[in-house]
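# Reading the structure
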Amino acid sequence: MIRDVFVLVESNTTGTGRLFPAAARALGLHPVLLAADPSRYASVGGAEVVRTDTDSVEAVVDACRRLGGGGRRVVGVATSSDYYVETAAAAATALGLPANSPADLAAVRDKGAQRTRLAAAGVRVPRFTVAGTVEEVLAAATETGYPVVVKPVTGSGSLGVLLCADPAQAAGHARELLARGFNERGRPVPRRVTVEEYVSGPEYSAEVLDGSVVGITAKHLGAPPLFVETGHDFPAPLAPAAREAVTEAAEAAVRALGIALGPAHVELRVGSEGPVLIEVNPRLAGGWIPRLVREAIGTDLILGTVAAFSGRPVPVAATAARGAAIRFVVPEGSGELRGVDGVAQACAVPGVVDVETYREPGAEIVVAGDFRDRIGHVLARGASAAEAAAAADEGVRRIRPSLALREEVPA
């Protein structure tokens, strides 16, 4: 009997990334994780782990071919990590397996190239300029008009994204970004940034699978000038006309970018003139949004993603009509974590279904202004998104991180 294998090229080490192996097993597949450093994955949901140079498409293809021997065959190659979508797609293409075009994915992951393609297709995006020097950043910001958003052309999780109010702030932030040669995984990054018009209005994300919007998430952000996501509500409380406009914009965007297969996480803001595309990510959402979708409407986006990339049909139709919400625990400053109080009290809130902390006492907490600031979450379910949001808000209010805050060293 042939055993079908589903290969993951690296993985997110937090959030729903670690649930992919369970989804593969639910479809009768044997999950294998290819990792350059297997020690990163203390828990990968029971996947077989194979050490591989995941920066090399050829090495990934060779590993897959080796896995295909001895009564096994590889039926899909994918990843839950934004950084490896091109590698996984290139390997799948080389093996004749389901995949999006690696060239299209490369354009999607470069925010400048992505914006250019979207604008050419008539999808509304903010005014933007790609810049490679501080001088170019300042010229673009002056032309666009302050405040402007300055961010790297690659990356996710709000890493390096800053709303700059004046030339001094724009120059300082651009100088820092342009000096970075590698990301947090040690992979090289382009020394380019985008300078973008700031679009006001509430932020949403459309969760897309195989080109169609499954649902829309309302996003909660921390205080400017940062863009830390502090919570999500699903489904978003949108009027029918606004929901239709967001859906049409998101589906037009993924068509323009060639993401016909598998997931996409499309971020938008809705202003007085309608939706504006902020960015498209060719992967599932982070921040536990797939879990919210499952809790609210019963649709399993992770299962659907594994099915898409292994050629298996799995229905993703909604089976329920509830609401779900998550709120993240974010410390007020940097320092050594002494402990997190109030977890039991948060669990006792009616509607709360999951409370988790991500750091152990003694961990060094560094507030960086991105997703890494989160040290825990409270997830709730209710008859509606509003009911779930109220429960999550109450739960997170009961969580009390205790930190030995760093003292500022006098200059």
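Everything quoted here is computed from the prediction, not taken from an experiment.

### Some remarks on the overall build of the protein chain
Within the protein chain, the regular secondary structure consists of 12 helices and 19 strands. In summary, the protein chain has a C-alpha radius of gyration of 21 Å against a globular reference of 22 Å for 411 residues, a match within 12%. Here the C-alpha coordinates of the protein chain stretch approximately 65 × 50 × 50 Å along the principal axes. Residues counted as buried form 53% of the 411 residues belonging to the protein chain. Long-range contacts, defined as pairs at least 24 residues apart, comprise 67% of the intrachain contacts of the protein chain with a sequence gap of at least 6. When the accessible surface of the protein chain is split by element, carbon and sulfur atoms take 53% of a total near 17200 Å². Here the protein chain contributes 41 positively and 47 negatively charged side chains, and the mean placements of these two sets differ by 4 Å.

### As for the sheet that holds strand β3 (residues 48-51)
In space, the 4 strands of this open sheet follow the order β3-β2-β1-β4, with parallel pairing throughout. At either end of the open sheet lies a strand with only one pairing partner, and these are β3 and β4 (72-78). Strand-to-strand, the axes of this sheet are offset by a mean angle of 30°, without reference to chain direction. Here helix α2 (residues 57-67) sits on the sheet in contact with β1 (3-9), β2 (30-35), β3 and β4, set at roughly 150° to β2. Against the sheet, helix α10 (residues 301-310) engages β1 and β4, with an angle of about 120° to β4.

### Structural notes on the pairing of strand β14 (residues 323-329)
Most of β14 sits out of view: 7 of its 7 residues are buried. With burial as the criterion, each face of β14 is covered, one bearing G323, A325, R327 and V329 and the other bearing A324, I326 and F328. Judged from the 4 bridges that link them, strand β11 (residues 229-234) and β14 form a sheet pairing that is antiparallel. Directly across from D233, in β14, lies its bridge partner A325.

### Describing empty space enclosed by the protein
Per the counting criterion, the structure on display carries 2 cavities of 30 Å³ or more. The computed volume of the largest cavity comes to approximately 70 Å³. What lines the largest cavity is simply D82, V108, R109, K111, Q114, T154, G155, E279, V280, N281 and P282. Those elements giving two or more residues to the lining of the largest cavity turn out to be α4 (102-109), α5 (111-120) and β13 (274-281). Top contributing element to the lining of the largest cavity by residue count: β13, with 3 residues. Class assignment for the residues of the lining of the largest cavity results in 3 nonpolar, 4 polar and 4 charged. Considering only enclosed or pocket space, the second largest cavity measures out at about 30 Å³ in volume. Residue lining of the second largest cavity: E207, V208, A264, H265, R283, L284, A285 and L301, and that is the complete set.

### Some points on helix α9 (residues 289-297)
Counting buried positions along α9 yields 8 of 9 residues, so the element is predominantly enclosed. All of the buried residues in α9 are I289, P290, R291, L292, V293, E295, A296 and I297. Once α9 ends, the next one or two residues include G298, with phi positive near 85°.

### A few points about the pattern of salt bridges
Applying the stated criterion across every chain, the model contains 24 salt bridges. We note a salt bridge from K151 to E196, for which the minimum N-O separation is 3.5 Å. Here E196 lies in strand β8 (residues 193-197) and K151 lies in strand β6 (residues 148-152), a separation of 45 residues in the sequence. Across the pair, E196 and K151 agree in class, each one buried.

### Comments concerning the nonpolar core
General note: in soluble globular proteins, nonpolar side chains tend to be found buried as a group. Judged by nonpolar contacts, the single largest core of 31 residues is most densely connected at F6 and V306. Secondary structure elements with two or more residues in this core: β1, α1 (20-26), β2, β4, α9, α10 and β14. Counting 25 residues, the second-largest nonpolar core is a separate cluster that includes A206, I216, A249 and A264.

### A short note on the packing of α2 against helix α3 (residues 85-94)
Where α2 contacts α3, the two axes come as close as 9 Å, and the packing angle between them is 50°. Viewed along their axes, α2 and α3 adopt a mutual orientation that is oblique. For the crossing formed where α2 meets α3, the hand is right-handed. On α3, the residues touching V57, V60, V61 and R65 of α2 are T87, A90, A91 and A94.

Conventions used here
Residues numbered from 1 in each chain as written. Predicted model: local features only at pLDDT ≥ 70, side-chain atom pairs only at ≥ 80, totals over all residues. Heavy atoms only, no water. Helix = DSSP H or I, 4+ residues; strand = E, 2+ residues; numbered from the N terminus. Rg over C-alpha atoms; globule rule 2.2 N^0.38 Å. Buried < 20%, exposed > 50% of the residue type's maximum accessible area, 1.4 Å probe, protein only. Contact = heavy atoms within 4.5 Å. Areas by Shrake-Rupley, 256 points an atom, 1.4 Å probe, with all protein chains shown as cover. Lys, Arg positive; Asp, Glu negative; His and termini not counted. Charge placed at Lys NZ, Arg CZ, Asp CG, Glu CD. Pairing = 2+ DSSP bridges. Axes fitted to C-alpha atoms, helices over the stretch in contact; angles between N-to-C directions. 1 Å grid on protein atoms, 1.4 Å probe; cavity = no way out; pocket = protein on both sides within 12 Å on 5 of 7 lines; lining within 4 Å. Points joined across faces, edges and corners; volume = space filled by probe spheres on them. Nonpolar A, V, L, I, M, F, W, Y, C, P; charged D, E, K, R; others polar. Salt bridge = Lys/Arg side-chain N within 4 Å of Asp/Glu carboxyl O. Core = buried A, V, L, I, M, F, W, Y, C linked by side-chain atoms within 4.5 Å. Parallel < 35°, antiparallel > 145°, perpendicular 65-115°, else oblique. Left-handed = near helix turned anticlockwise from the far one by under 90°.

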